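A closer look at the structure
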Amino acid sequence: MVKHAECCDEQCVHKELVADVLKDLPDEEVLYDLAELFKVFGDSTRVRILIALFEAELCVCDISETLNMTQSAVSHQLQILRTNKLVKSRREGKQVYYSLADEHVVTIIAQGLEHILE
């Protein structure tokens, strides 16, 4: 038997409340982009990389060693994370170091961990 969410016992639409919510909803394109962002977090490999970068700025070699992955696999996932503006890179000589893109990403990771661990 499929369990469904509870529903109201009586049909009663609160029109003012619905109007207030509708006025503040982002447009469909923004909602689509937000859903795409959350899809990036749906891959455990990318989440592992983000958690590693939450701890320290790392080069691909460091990430590969830390997560026991090939550099090619790490590079592929870093490209996806860069495209979605979740990580940034900087070159130092022959090394390229990666870090979380900004404080928003740090906050998302920190709050996600807090939510899961409570």
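Okay, so let's go over this structure.

About the cut-offs
- All residue numbers here refer to positions counted from 1 along the written sequence of the relevant chain.
- Only residues with pLDDT of 70 or above have their local features reported here, since the model is predicted, and side-chain atom pairs are shown and tallied only from 80 upward, although totals for entire chains, interfaces and linings are computed over all residues.
- To obtain the side-chain values, all non-hydrogen atoms of the structure were used and water was disregarded.
- By convention, a stacked pair of Phe, Tyr or Trp rings (six-membered ring in the case of Trp) has centres within 6.5 Å and planes under 30 degrees apart, an edge-to-face pair has planes over 60 apart, and any other such pair is tilted.
- For each residue, the accessible area found with a 1.4 Å probe, counting protein chains only, is set against the maximum for its type, and the residue is called buried under 20%, exposed over 50%, and partly exposed in between.
- In this scheme, strands are said to pair when DSSP sees at least two bridges between them.
- Strands are runs of DSSP state E lasting at least two residues, helices are runs of H or I lasting at least four, and both sets are numbered from the N terminus onward.
- The contact criterion used is simple: two residues touch if any of their non-hydrogen atoms lie within 4.5 Å.
- Every axis corresponds to a line fitted to the C-alpha atoms, with the helix fit spanning only the stretch in contact, and the corresponding angles, defined between N-to-C directions, vary from 0 to 180 degrees.
- The set of buried Ala, Val, Leu, Ile, Met, Phe, Trp, Tyr and Cys residues whose side-chain atoms join them within 4.5 Å is what this entry labels a nonpolar core.
- It is the directions from the helix axis to the C-beta atoms that the arc portrays.
- Oblique is the label for any angle not under 35 degrees, not over 145, and not in the 65 to 115 range, which are roughly parallel, roughly antiparallel and roughly perpendicular in turn.
- Put simply, a crossing is left-handed when the front helix is turned counterclockwise from the back one by less than a right angle, and right-handed when it is turned clockwise.

Some thoughts on the packing of aromatic side chains
- Under the criterion given, the structure shown has 1 aromatic pair.
- On the basis of an interplanar angle of 45 degrees and a centroid distance of 6.4 Å, the ring pair of Phe38 and Phe41 is categorised as tilted.
- Residue class for Phe41 comes out buried when judged on its relative accessible area of 18%.

Let's talk about the sheet that holds strand E2 (residues 87-92)
- The strand order across the open sheet built from 3 strands is E1-E3-E2, with neighbouring strands paired in antiparallel fashion. In this open sheet, the two edge strands, each paired with only one partner strand, are strand E1 (58-59) and E2.
- Across 6 bridges, E2 lies against strand E3 (residues 95-100) in antiparallel orientation. Residue pairing in the sheet places Val87 in a bridge with Leu100 of E3.
- Along the sheet face, helix H3 (residues 44-55) touches E1, E2 and E3 and points at about 95 degrees away from the line of E3.

Describing the nonpolar core
- Residues Leu50, Leu53, Ile63, Leu78 and Leu81 are the most contacted members of the largest nonpolar core, which totals 21 residues.
- Looking at this core, the elements that each hand over two or more residues are H3, helix H4 (60-67), helix H5 (71-83), E3 and helix H6 (103-117).
- Of the residues forming this core, the biggest block, 4 residues, is contributed by H3.

A look at the pairing of E3
- In this structure, E1 lies alongside E3, joined through 2 bridges in antiparallel fashion. Residue pairing across strands places Cys59 opposite Tyr97, the latter belonging to E3.
- Count of turn residues in the E2/E3 antiparallel hairpin: 2 residues, of which Gly93 carries a positive phi of about 65 degrees.

Focus: H4
- Three or more residues of H4 are buried, namely Val60, Ile63, Ser64 and Leu67. Buried residues along H4 cover an arc of 100 degrees about the axis, so they all sit on one side. Residues of H4 that are exposed and point over 90 degrees away from its buried face: Glu65 and Thr66.
- Packing partners of the buried residues in H4 comprise H3, E1, H5 and E3.
- In the segment just after H4, Asn68 is the residue with positive phi, at about 55 degrees.

Considering the packing of H4 against H5
- Running from amino to carboxyl end, H4 crosses H5 at an angle of 110 degrees, the nearest separation of the two axes being 9 Å. Between H4 and H5, the crossing angle belongs to the class labelled roughly perpendicular. Considering only the axes of H4 and H5, their crossing is right-handed. Taking contact as the criterion, the partners of Val60, Cys61, Ile63 and Ser64 in H4 are, on H5, Gln71, Val74, Ser75 and Leu78.

Here's the deal with the environment of Val2
- Within the fold, Val2 resides in the segment before helix H1 (15-24).
- For Val2 and Leu53, which are 51 residues apart along the polypeptide, the C-alpha to C-alpha distance reads 40 Å.

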